[in-house]
Number of protein chains: 2
Amino acid sequence: MFESAEVGRSVDKKEYARRVAVLRTRILKAQHALAGTSLRLVVLVGGVEGGGKTEVARRFLDWMDPRGLRVEAYGEPSDEEMERPEYWRYWRTLPPAGRGAVLVGSWYTRPIVSRTFKKIGSGDFDQALDRTLAFEAMLVREKTVLVKLWLHLSKKEQRRRFKELESDRDTAWRVTKQDWDFSKKYDRFRGVCERALTKTSTAESPWTVIEAVDRRHRDLAAGEAVAAAIESALEAAKKPASKPRADRSKPAPVSVLSRLDLGKRLVGDHAKKFERQQTRVALLSRRLRKKGRSLICAFEGVDAAGKGGAIRRLLGAIDVRNARVIAVAAPTDEERAQPYLWRFWRHLPRLGKTTIYDRTWYGRVLVERVEGFCAPEDWKRAYGEIAAFEEELAESGVIVCKFWLQISPEEQLRRFQDRVKTPFKQYKITEDDWRNRAKWDAYQAAAVDMIAKTSAPEAPWTLIAAEDKRWARLQVMKAVADRLEEELG
Amino acid sequence: MFESAEVGRSVDKKEYARRVAVLRTRILKAQHALAGTSLRLVVLVGGVEGGGKTEVARRFLDWMDPRGLRVEAYGEPSDEEMERPEYWRYWRTLPPAGRGAVLVGSWYTRPIVSRTFKKIGSGDFDQALDRTLAFEAMLVREKTVLVKLWLHLSKKEQRRRFKELESDRDTAWRVTKQDWDFSKKYDRFRGVCERALTKTSTAESPWTVIEAVDRRHRDLAAGEAVAAAIESALEAAKKPASKPRADRSKPAPVSVLSRLDLGKRLVGDHAKKFERQQTRVALLSRRLRKKGRSLICAFEGVDAAGKGGAIRRLLGAIDVRNARVIAVAAPTDEERAQPYLWRFWRHLPRLGKTTIYDRTWYGRVLVERVEGFCAPEDWKRAYGEIAAFEEELAESGVIVCKFWLQISPEEQLRRFQDRVKTPFKQYKITEDDWRNRAKWDAYQAAAVDMIAKTSAPEAPWTLIAAEDKRWARLQVMKAVADRLEEELG
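Starting afresh in each chain, residues are numbered from 1 along the sequence in its written order. All chains are assigned letters beginning with A, and all ligands numbers beginning with 1, in the order in which they are written. The predicted nature of this model means local features are confined to residues of pLDDT at least 70 and side-chain atom pairs, given and counted, to a pLDDT of 80 or more, with totals for whole chains, interfaces and linings taken over all residues.

Things to note about the overall build of chain A
Here is step 1: Strands here are runs of E lasting at least two residues and helices are runs of H or I lasting at least four, both read from the DSSP assignment and numbered beginning at the N terminus. Within chain A, the regular secondary structure consists of 20 helices and 10 strands.
Here is step 2: Viewed in the frame of its principal axes, chain A has a C-alpha envelope of about 85 × 50 × 35 Å.
Here is step 3: Here exposure depends only on C-beta density: within 10 Å of a residue's C-beta, 20 or more other C-beta atoms make it buried, 12 or fewer make it exposed, and intermediate numbers make it partly exposed, the C-beta atoms being placed from the backbone. Burial statistics for chain A: of 489 residues in total, 38% are counted as buried.
Here is step 4: Working definition of a contact: two residues with C-beta atoms, positioned from the backbone, lying within 7 Å. Expressed as a percentage of contacts within chain A between residues at least 6 apart in sequence, the contacts between residues at least 24 apart total 83%.

See below:
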C-alpha cells in the first residue's frame, strides 16, 4: 500500500505557484458551495510522525475560509471524556452542516498506537477497526464529505526529517521522545497501519496516501484531494434523493406486543411492594460511581401509556443530584445540523450518573418511519446504527435499560378523554396524539420490528403491560433494580 | 436575618394535603405558561447542612413537569471546568428560555465555604459577592425568574437532625465528616451566610429564608415561593417592553478614531519585519500552558477593514492544534434562548489554548445598537456586563487582546468594488455591507463610545490604522507579541 508513496514525487517552485493559484480559487469555491448545503466536511490527517500533519492542517486554514473550518487535535482525553464512551469526544467535535473540520489524530490513533506497542492483540485491533468502519459509514450516510489523508515517509526519510528538525533551534522542540520511539518501531508501525488502511479503505471513504517527502507535493496533493472530494459530493447531492414517504405497515396478528398480557393488575399492598423496589434502586444506584458505571433508562411506548409517571417514580429513587431527564422533542437547529444520534450522544451521563430519556433515538424507527420524516433507507439502516451505539455504551460501562410501555387502544381513548376533562392534565394532550392514534397499526408494526431488531443481551427491551399504571410503575422499578443488581453484583 | 426562621413553624398532615393539592395545580400551570415565553426559571436552593436541600430539589421534580426542569448539583469542578473561569460551569448549565433548573449549591458555595474556613479574607469575600450580584442582575435582566431559597436550621436543630439521620442505617451515609465540620463552625458559618444573604438580597432577586425544621412547612414554603415568583414574572412580561429602535448618533468631530493616522504605510523589508513578529508570537504562545494561561484575541472593525486577513496571519503563528477561530454570525436557536453572552462563554479556551473571535460580544453595542436589534436599555447596560465578563477572563488567567480595525470610507468603497469584481472575493460582500456603509456615522459613533467605555488595563483596545493591509497585519502581530511578552514574562 505504501510503495506507491515512495517514488520520489516532487513539485518545483514554479509549478507549485501555478497550481496553488488554481487550487485556492477552486477549494474556496467548493467550501462556499458546501456552506449552503446540509453537507459537512471532515478531513482526517493521519500518517507517520514527521510527515507534517499539523503543517498540512495549517495549510487548509490558509487556503480556505477559516470562519467555516476548524482544526481539532485530540490529545489526552479530559476527565469528562474519560468518563464517557471513547467516541464521545469525536461526536462532540463534529462540525455542523455547512462547516468543516480538519482532524489531526482521530479515531485511528488509539488502536494503531496500542497495537504498535502491543497493548492490544490483533482481535481487539480488528474490532476497533470495525467500529471505525461503522462510524464512518454512518458519517457518510449522514451527509459527511469524509476525506482521509495519510502522509507517508519511508523509514530513511523519517529519520532524516527528525534529524533535520533537531538541528534547528527553532524546530528541535517538535521532535519528541515519542517520535523516536515510533521511529524505532517503524517496521511494526508500518505493518499495523497497512492493515488499518486496507481494512478501512471503502468505496465511500477511501484513504489517499500521500508521499510527504517534498512539502510542495504533499500540500498540493492534500488540497487537491479535498477539493475533488467536495466537488464530487456537491455533484452527487444534486441528484434527487429518494423521497421520504409514510410507512403504513400492519403488525402481524400475533406479535410480542399482542401477546403481552394487558390484564395484569396490582393486587395486595401496593405501597409496600413499591417501596421495596424503590429502596433497592436507591441503594444500588449509589454504587454506580464506585463501580465505574453509569445508567441510561430509555422510555418508549404508546401515547398516554404512562411514561411520565413511571419516570417520575424512578426519579424518586435516584439521588436527584445524579440524575437527569432528557425530554426528546423536535430537534433544535444545532441538532438538526448534525447526524441524528448526535443529540443523544451529547447528553450521555458521566460516571456514576443517570440519564433518563423520555422518548429516545428509537424515534428514528418509530415516528420518523411512520410519518415519513426520513427516507426508508434511512430508518432501515438505523437499526444497525442504533445497535452499534448501544454496544458502545455497554462496552464503556453504561448500563442500558429500555422500556416499551404498552396499553390497549381502548385504554388509550379513556386516558385521552380524561386528559381533555381534567384541567391540570390538559397540557398532556395535543392534536398530534389524536393523529397518531389514527395510525395505531402502523406504530404497532414499527414497534414490533424495532423490538425484534434491537434487543441485545447488553441492552434488552423490557416490555411493560401498562394498562394498570401502578403495575407498570412497579415493573419498571423492579426491572431497573434487577438490572442494577445483575450488573453491580 | 435568621431569627424569623427560628419560630417553630409547622404544618399538620391535613393542612399539608389541602395546600399541596392547590400548589401542584398552580405551579404546574405556571411552569407550562413559562414554557411558552422567553423566560427561564432558576431556583437556587441553599442553606445549612441538614436543612434538606436535595429533598427540596426532589420535591420540585415531583410537583413540576420533569421534562422542563433539571436539577444541577455542583460538586468538585471537572478538569475542563478548572481550566476556565469559575463561572463557566454556571453558564454552561443555564437552562434555555422556557425551561428551568434547580441548583443545589451554586455560585455562593465557594465564597461561603472559603470564608467560613478562613481561606479567604473579608475583602475577597465581598468581592466574590459583588461578582454574584452582577451575575444575578444580568440574569434577571436577561429574562430569568431567579428564586433564591435558603433553608435554615438553628444550631440545636442541626445537631438533632444529624443525629436523627445517623441513627437510621438507611440514612446514616448522608451525614458526612464535612457536615460535622460545618456544625462545629456553626456560629461562624451563620455569620458569613448572614453577610452573604444581606448583601445579595436585592429588589429583583431577594432571598427567601425558610425554616426547615418541619419538612411539610419547608416544602410548601419553597413551592409557594417558586409559584409566586413565576406568576409575577409572567404578569410583568405582559407589559409591553420598550421598543427597540435604531440608533443614529453621530460621532464627535474629533474622536479616538478620527485622530488615528490612516496614512501609515509599511516601508522597507516587509517580509522580514513580519517574520520577526510572527516568530515572537510563535515562541511566546507555546509558553501559555506552562504558565497556566490562555489567550483570547477579539477582532472588531469597519466592514472590509481586513479582519479576516489579520486573523489568518495570526493563525499562521500559533500552533493550529491549540487555536480556534469563532466566526460570530447570527445566533443559533439554542444561543437565542440564552443570555447574549452565553455564546461567547461556550467557546472560552482551556489552559494553553487560544480562541480568536471574528466579531465578538461587542456586537451588542455596535450592530445591535445601530440597527435597533435590542432595546436601548439593553445595550446601555451591556458596557458594564462586558467589563465584568472581561474582568473574569483576566482574573482566571486569560490574556485578552482586543482590536479595532479602522479604514476610511473611501478605502472601504475601493475594497467593496474590488470584491464585486474579483470572482474569488465575491463571497465576502453582501447586501448588508452596502446597507451598513450607509450608516457609517452611526457605526463610528457606536465604536467611539465602545472604546471609551470598555478599555480596561486588563483588556485594552488596540486601534489599528488598516488603510494599508500589510501595516495593519504587522501591528496586530506586534501587539499580540507585546501583550504575550508582558504577561508571560
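Moving on from the coordinates now.
Side note on the domain arrangement of chain A
All names here are of chain A.
Here is step 1: One can read the domain layout of chain A as domain 1 (3-238) and domain 2 (270-488).
Here is step 2: The C-alpha centroid of domain 2 is placed 39 Å from the C-alpha centroid of domain 1.
Here is step 3: Counting from both sides, the interface comprises 17 residues of domain 1 and, opposite them, 16 residues of domain 2.
Here is step 4: At four residues, the largest contribution of residues to the side of domain 1 that touches domain 2 is made by helix H6 (residues 122-141).
Here is step 5: In the scheme used here, Gly and all other residues not listed as nonpolar or charged are polar, with Ala, Val, Leu, Ile, Met, Phe, Trp, Tyr, Cys and Pro taken as nonpolar and Asp, Glu, Lys and Arg as charged. For the side of domain 1 that touches domain 2, the class distribution of residues is 10 nonpolar, no polar and seven charged. Bear in mind that the domain bounds are from an automatic or database domain assignment.

Topic: the sheet that holds strand S5 (residues 207-211) of chain B
Sheet strands associate in pairs through backbone hydrogen bonding, adopting either a parallel or an antiparallel arrangement.
Residues and elements named next belong to chain B.
Here is step 1: Here, any two strands with at least 2 DSSP bridges between them count as paired. Here we have five strands laid out as an open sheet, ordered S2-S3-S1-S4-S5, and parallel in their pairing. Every other strand in the sheet has two partners, leaving strand S2 (69-73) and S5 as the edge strands with one partner each. Each strand axis lies, on average, 20° off the axis of its neighbour in the sheet, ignoring direction.
Here is step 2: One ladder, built from five bridges, connects strand S4 (residues 144-152) with S5; its direction is parallel. Only the stretch in contact is used when a helix axis is fitted, and all axes are lines through C-alpha atoms; the angle between N-to-C directions ranges over 0 to 180 degrees.

Digging into the interface of chain B and chain A
Here is step 1: Across the contact, 34 residues belong to chain B and 34 residues belong to chain A.
Here is step 2: For the side of chain B that touches chain A, the secondary structure elements donating two or more residues are helix H1 (13-35), helix H2 (53-63), S2, helix H3 (79-82), helix H12 (307-315), strand S7 (323-327) and helix H13 (333-336) of chain B.
Here is step 3: For the side of chain B that touches chain A, the element with the most residues is H2(B), which contributes five residues.
Here is step 4: Residues belonging to the side of chain B that touches chain A are distributed by class as follows: 14 nonpolar, six polar and 14 charged.

Side note on the sheet that holds strand S9 (residues 398-406) of chain B
Residues and elements named next belong to chain B.
Here is step 1: Here we have five strands laid out as an open sheet, ordered S7-S8-S6-S9-S10, and parallel in their pairing. The open sheet is flanked by S7 and strand S10 (461-465), the only strands paired with a single partner. Sheet twist, expressed as the mean angle between neighbouring strand axes with direction ignored, is 20°.
Here is step 2: Across five bridges, S9 lies against S10 in parallel orientation. Residue pairing across strands places Lys402 opposite Trp461, the latter belonging to S10.

Describing helix H6 (residues 122-141) of chain B
Residue and element names in this part refer to chain B.
Here is step 1: One less than the residue count of a helix, multiplied by 1.5 Å, gives the span that helix is expected to have. Here H6 spans 29 Å end to end across 20 residues, near enough to the 28 Å set by a 1.5 Å rise per residue.
Here is step 2: The inward-facing, buried residues of H6 abut helix H5 (109-116), S4 and helix H9 (186-200).
Here is step 3: Following H6 by one or two positions, Lys143 has its phi on the positive side, about 65°.

Points about unusual backbone geometry
Glycine aside, residues mostly have negative phi, and peptide bonds are mostly found in the trans state.
All names here are of chain A.
Here is step 1: One non-glycine residue, Ala304, lies in the positive phi region at around 70°.
Here is step 2: Note that Ala304 resides in the loop between strand S6 (294-301) and helix H12 (307-315).
Here is step 3: Residue class for Ala304 comes out buried when judged on the 22 C-beta atoms lying within 10 Å of it.
Here is step 4: Positive phi, close to 70°, is recorded for Arg359, a residue that is not glycine.
Here is step 5: On the basis of neighbour counts, which here come to 18 C-beta atoms within 10 Å, the residue Arg359 falls in the partly exposed class.

Thoughts on the pairing of strand S3 (residues 100-104) of chain B
Residues and elements named next belong to chain B.
Here is step 1: Extensive coverage of S3 is indicated by the burial of four of its five residues.
Here is step 2: Inspection of the sheet shows strand S1 (residues 40-47) paired to S3 by five bridges, in the parallel sense. Of the residues in S3, the one forming a bridge with Leu41 is Gly100.
Here is step 3: By the bridge criterion, five bridges tie S2 to S3 in an arrangement that is parallel.

Considerations on the nonpolar core
Here is step 1: Within the largest apolar cluster, 116 residues are counted, with the highest numbers of intra-cluster contacts made by A:Val43, B:Leu314 and B:Val480.
Here is step 2: Ignoring any residue separated from it by four or fewer positions in sequence, one finds A:Val43 in contact with A:Phe60, A:Val102, A:Leu103, A:Val147, A:Leu149 and A:Val226.
Here is step 3: One nonpolar core equals one set of buried Ala, Val, Leu, Ile, Met, Phe, Trp, Tyr and Cys residues connected by C-beta atoms within 7 Å. Membership of the second largest hydrophobic core comes to 115 residues, among which are A:Ala472, A:Met477, B:Ile27 and B:Ala229.

Some remarks on the environment of B:Glu83
All names here are of chain B.
Here is step 1: By secondary structure assignment, the location of Glu83 is in the loop between H3 and helix H4 (88-92).
Here is step 2: Separated by 72 residues in sequence, Glu83 and Lys155 place their C-alpha atoms 37 Å apart.
Here is step 3: Non-local contacts of Glu83, meaning those with residues more than four positions away in its chain, are made with Arg350 and Leu351.

With respect to the relation of the copies chain B and chain A
Here is step 1: The copies were overlaid with a least-squares fit restricted to C-alpha atoms from residues scoring a pLDDT of at least 70 in each copy. Of the transformation superimposing chain B on chain A, the axial component is 0.0 Å and the angular component is 180°, with the fit at an RMSD of 0.0 Å. The two molecules are tied by a two-fold rotation axis, judged by turn and shift.
Here is step 2: Comparing interface residues between copies, 100% of those in chain B also lie at the interface in chain A; the contact surface is shared.

A short note on the confidence of the model for chain A
Detailed reading of the predicted model is not advised wherever pLDDT is low.
Here is step 1: The predictor's confidence in any single residue is recorded as pLDDT, a number from 0 to 100. When pLDDT is averaged along chain A, the result is 93; 100% of the residues meet or exceed 70.
Here is step 2: Model confidence for the complex: the whole-complex pTM is 0.87, and ipTM, which rates the interface, is 0.81.

Here's the deal with the packing of H5(B) against H9(B)
Two packed helices can be described by the angle between their axes and the distance between those axes.
All names here are of chain B.
Here is step 1: In the contact formed by H5 and H9, the axes pass within 9 Å of each other and the chain directions differ by 140°. By the criterion of interaxial angle, the relationship of H5 to H9 is oblique. Between H5 and H9 lies a crossing whose hand is right-handed. Within the contact between the two elements, H5 uses Ile112, Arg115 and Thr116 and H9 uses Arg188, Phe189, Val192, Cys193 and Ala196.
Here is step 2: Taken together, the residues that form the contact of H5 with H9 break down as five nonpolar, one polar and two charged. Roughly parallel refers to an angle under 35 degrees, roughly antiparallel to one over 145, roughly perpendicular to one between 65 and 115, and oblique to any angle outside these ranges. Here a crossing is called left-handed whenever its near helix is offset anticlockwise from the far helix by less than a right angle, and right-handed whenever the offset is clockwise.

Section: the environment of A:Ala212
Residues and elements named next belong to chain A.
Here is step 1: On the secondary structure map, Ala212 appears in the loop between strand S5 (207-211) and helix H10 (215-238).
Here is step 2: Given 30 C-beta atoms within 10 Å, Ala212 falls into the buried group.
Here is step 3: With near-sequence residues (within four places) excluded, Ala212 lies in contact with Gly47, Gly51, Gly52, Leu151, His152, Leu153 and Arg218.

Overview of the packing of H2(B) against helix H10 (residues 215-238) of chain B
All names here are of chain B.
Here is step 1: Interaxial distance between H2 and H10 falls to 10 Å at its minimum, and their mutual angle equals 60°. With respect to each other, H2 and H10 are oriented oblique. Handedness of the crossing formed by H2 with H10: right-handed. Taking contact as the criterion, the partners of Val56, Arg59 and Trp63 in H2 are, on H10, Arg218, Asp219, Ala222 and Gly223.
Here is step 2: Of the residues belonging to the contact of H2 with H10, the class tally is three nonpolar, one polar and three charged.

As for the environment of B:Leu28
Here is step 1: Among the secondary structure elements, B:Leu28 is positioned in helix H1.
Here is step 2: Overall, the presence of 18 C-beta atoms within 10 Å leaves B:Leu28 in the partly exposed class.
Here is step 3: Setting aside residues no more than four positions away along its own chain, B:Leu28 makes contact with A:Phe424, B:Met64 and B:Asp65.

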